[in-house]
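Single-letter residue listing:
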Amino acid sequence: MKDNEKLLEGVKVVELATFIAAPSCTKALADWGADVVKVEAPFGDSARYAGANFKMPILEEENPLFETVNSNKRSVSINLKSEEGKKVFFKLLDKADVLVTNMRTKALKKLGLCYEQLCEKYPNIIFAQILGYGEKGPDKDKPGFDYTAYYARSGIMGTLMEKDTSPINPAAGFGDHQAGMYLASGVCAALYKKLRTGKGEKVTVSLFHTGVYGMSLMIASSKYGNNWPVSRKAPNSPCLNCYKCKDDKWIQIAIIEYDKYISKLSKMIERPDIADNEKFNTSKAVKNNIAELVSILEEQFKKKTLSEWKEIFTKGDIPFEKVQVWEDVAEDEQAWANDYLYKIQYENGNSGVLVNTPVKFKKMGLPEFNRAPKLGENTEEVLKDLGISNENIKNMKEKKVIK
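Residues numbered from 1 in each chain as written. Predicted model: local features only at pLDDT ≥ 70, side-chain atom pairs only at ≥ 80, totals over all residues. Heavy atoms only, no water.

**A word on the pattern of salt bridges**
For clarity, the threshold we go by: Salt-bridge detection follows one rule: a side-chain nitrogen of Lys or Arg within 4 Å of a carboxyl oxygen of Asp or Glu. The secondary structure listing takes helices from DSSP runs of H or I that are at least 4 residues long and strands from runs of E that are at least 2 residues long, numbered from the N terminus. Here's how the labels work: a residue is buried when its accessible area is under 20% of the maximum for its type, exposed when over 50%, partly exposed in between, all with a 1.4 Å probe on protein chains only.
Enumeration over the complete set of coordinates arrives at 26 salt bridges. With its nearest N and O atoms 3.3 Å apart, the salt bridge here joins Glu347 to Arg371. Separated by 24 residues along the polypeptide, Glu347 in the loop between β10 (341-345) and β11 (351-355) and Arg371 in the loop between β11 and α17 (379-385) bring together distant segments of the chain. Assessed through its relative accessible area of 45%, Glu347 is described here as partly exposed. For Arg371, a relative accessible area of 32% translates into the label partly exposed. Between Glu377 and Arg371 there is a salt bridge, and its shortest N-O distance comes to 2.8 Å.

**Comments concerning a nonpolar patch on the surface**
What counts here: Here a patch means residues that are over 30% exposed by relative accessible area and free of salt bridges, tied together within 9 Å if like-charged and within 5 Å if nonpolar (Val, Leu, Ile, Met, Phe, Trp, Tyr). Computed with a 1.4 Å probe, the accessible areas rest on the Shrake-Rupley method; for each residue, only the protein chains presented here act as cover.
The grouping of Phe19, Phe54, Phe145 and Tyr147 at the surface amounts to a nonpolar patch, some 340 Å² of accessible area in total. Following the sequence through the fold, Phe54 ends up in the loop between α2 (47-50) and α3 (64-70).

**Describing a negative patch on the surface**
Filter applied, for reference: Think of it this way: Lys and Arg go in the positive column, Asp and Glu in the negative one, and His and the chain ends go nowhere. Working definition for charges: the position is that of NZ of Lys, CZ of Arg, CG of Asp or CD of Glu.
A surface patch of like charges, here negative, comprises Asp247, Asp248, Glu308 and Glu311. Within the secondary structure, Asp248 sits in the loop between β7 (240-244) and β8 (250-254). A relative accessible area of 55% means that Asp248 is categorised as exposed.

**Details of the side chain of Ser237**
Stated formally: Contacts between residues were defined by any pair of non-hydrogen atoms, one from each residue, lying within 4.5 Å.
Along the chain, Ser237 turns up in the loop between α10 (216-222) and β7. Judged by relative accessible area, which is 14%, Ser237 ranks as buried. Once residues within four sequence positions are removed from consideration, Ser237 is found in contact with Tyr258 and Ile290.

**Structural notes on helix α9 (residues 207-214)**
Our working rule: Throughout, the arc means the angular range of directions from the helix axis out to the C-beta atoms.
Every buried residue of α9 is listed here: Leu207, Thr210 and Gly211. The arc that holds the buried residues of α9, viewed along the axis, is 95 degrees, so those residues lie on one side. Of the residues in α9, the exposed ones pointing more than 90 degrees away from the buried face are His209 and Tyr213. Looking at the packing, one finds that the buried side of α9 touches β5 (126-131), α7 (146-152), α8 (174-197) and β6 (201-206).

**Regarding the pairing of β5**
The test is simple: Here, any two strands with at least 2 DSSP bridges between them count as paired.
The buried fraction of β5 amounts to six of the six residues, a majority that puts the element mostly inside the structure. Residues of β5 alternate between two faces, with Ile126, Ala128 and Ile130 on one and Phe127, Gln129 and Leu131 on the opposite face, all of them buried. Across four bridges, strand β4 (residues 98-101) lies against β5 in parallel orientation. Opposite Thr101, over in β5, you have Gln129 as the bridge partner. In this structure, β5 lies alongside β6, joined through six bridges in parallel fashion. By the bridge assignment for β6, Leu131 is matched with Ser206.

**Here we look at the sheet that holds strand β3 (residues 74-77)**
Condition: Axis definition: a line fitted to C-alpha atoms, limited for helices to the stretch in contact. Angles are taken between N-to-C directions and run from 0 to 180 degrees.
Here six strands make up an open sheet; going across it, the order is β3-β2-β1-β4-β5-β6 and the pairing parallel. Two strands lie at the open edges of the sheet, namely β3 and β6, each paired on one side alone. Taking the axes of each pair of neighbouring strands and ignoring which way they run, one obtains an average angle of 20 degrees across the sheet. Strands in contact with helix α4 (residues 83-94) are β1 (12-16), β2 (35-40), β3 and β4; relative to β1, the strand with the most contacts, it is inclined by about 145 degrees.

**A look at the sheet that holds β8**
Taken in spatial order, the three strands line up as β7-β8-β9 in an open sheet, and their pairing is antiparallel. Across the chains shown, the open sheet's two edge strands, defined by having one partner strand only, are β7 and β9 (320-322). Between one strand axis and the next, the sheet turns through 20 degrees on average, direction left out of account. Here β7 pairs with β8 via five bridges, running antiparallel. Along β8, the bridge assignment pairs Tyr243 with Ile251. Contacts from helix α13 (residues 290-301) reach β7 and β8 within the one sheet, and its direction differs from that of β7 by about 40 degrees. Of the strands in this sheet, β8 and β9 touch helix α14 (residues 306-316), which is tilted by about 20 degrees from β8.

**Some details on the nonpolar core**
Note the following rule: For this analysis, a nonpolar core means a set of buried residues of the types Ala, Val, Leu, Ile, Met, Phe, Trp, Tyr and Cys, connected via side-chain atoms within 4.5 Å.
Residues Val13, Leu29, Trp32, Val98, Val100 and Leu183 are the most contacted members of the largest nonpolar core, which totals 35 residues. If you list the elements that add at least two residues to this core, you get α1 (21-31), β4, β5, α7, α8 and β6. Other than its neighbours up to four places away in sequence, Leu183 contacts Cys25, Val100, Ala128, Gln129, Ile130, Val203, Thr204 and Val205. Formed by 30 residues, the second largest nonpolar core is a distinct cluster that contains Val14, Leu16, Leu108 and Leu118.

**What about the pairing of β8?**
The two faces of β8 differ: Ile251 and Ile253 on one face are buried, but Trp250, Gln252 and Ala254 on the other face are not. Note that β8 and β9 share three bridges and pair antiparallel. Following the sheet pairing, Ile253 is matched in β9 by Phe320.

Okay, structure coming up:
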């Protein structure tokens, strides 16, 4: 293998998916070198139009939401409700290593495409599916989005909020991207099994489980009285909290070893008396006086700007961070230095900022960028690769089997 060779070079992936979660999985696989063919209905993936909900353009030549999870893929548009369309799809599966879908099992069964229907004919295929709530239980057929299955059901939305206020406003795609990366890791493990045995596998990830997994420490702690939501006025520790600075910007500090660092912190915020006060000088003592110490810290943090605190805490090697918004992240020097972000020039001349896949490889380097395909853009090319003649392609176009 050459140093810059893609890790998944030669792996063929068929994507039958919409929205964010499953396409973010195949986006990662494509970035790592897999040939991903995105199969879309004649009206296209709903993600092509969803960006309007978040003030983004949904133009054919500028569609940042769709671009985020679909670059480096090829698109074919097939009517799977037609027998001819289904035959084309099966031809794709004949050459595929992986099928990735977010369709619910009931819908797949109607099309003859659920795992049980495919595994006999394709014993070597890896069937990877994003689910809302899992394969079993009363809600296995319930529709799920990250707003509902991930945020609301998992305990994220009801706990990560300021006590006695409204639940958080979910950030679209947050849970989807996590579930997609989990599925990508499962696909890679299954590819390793296939390499050893020649046999396929079924890989599933649910949005609900993804959220629950992210909350695993907190779910375990809830059995011991760590019940949320809590107020930042009375957190578990005053040193695991955020405070407003003089310039109205917020700073988050994260001192986990309270007893070890309280004296150092006290001097840095110009209140050395805190470390000598029996109410605050140990983690055991402060538990009964948290609200009082939070109030003291609030007053101290208001005396300096964020940049002043940044200089003090950086010099003192104290874990802290500015509480950023998305606009800050898009200009974050550290993010750009590590290629977390990249600039894109759209076909209409506008430019934007997108985010790279989070797993990096030294020898392979950064993934190349090829814009997301237009609806059905590669249909003829892919069908010709399958050995389908020009005449058959023309006939299927006329019958609206393909677009």
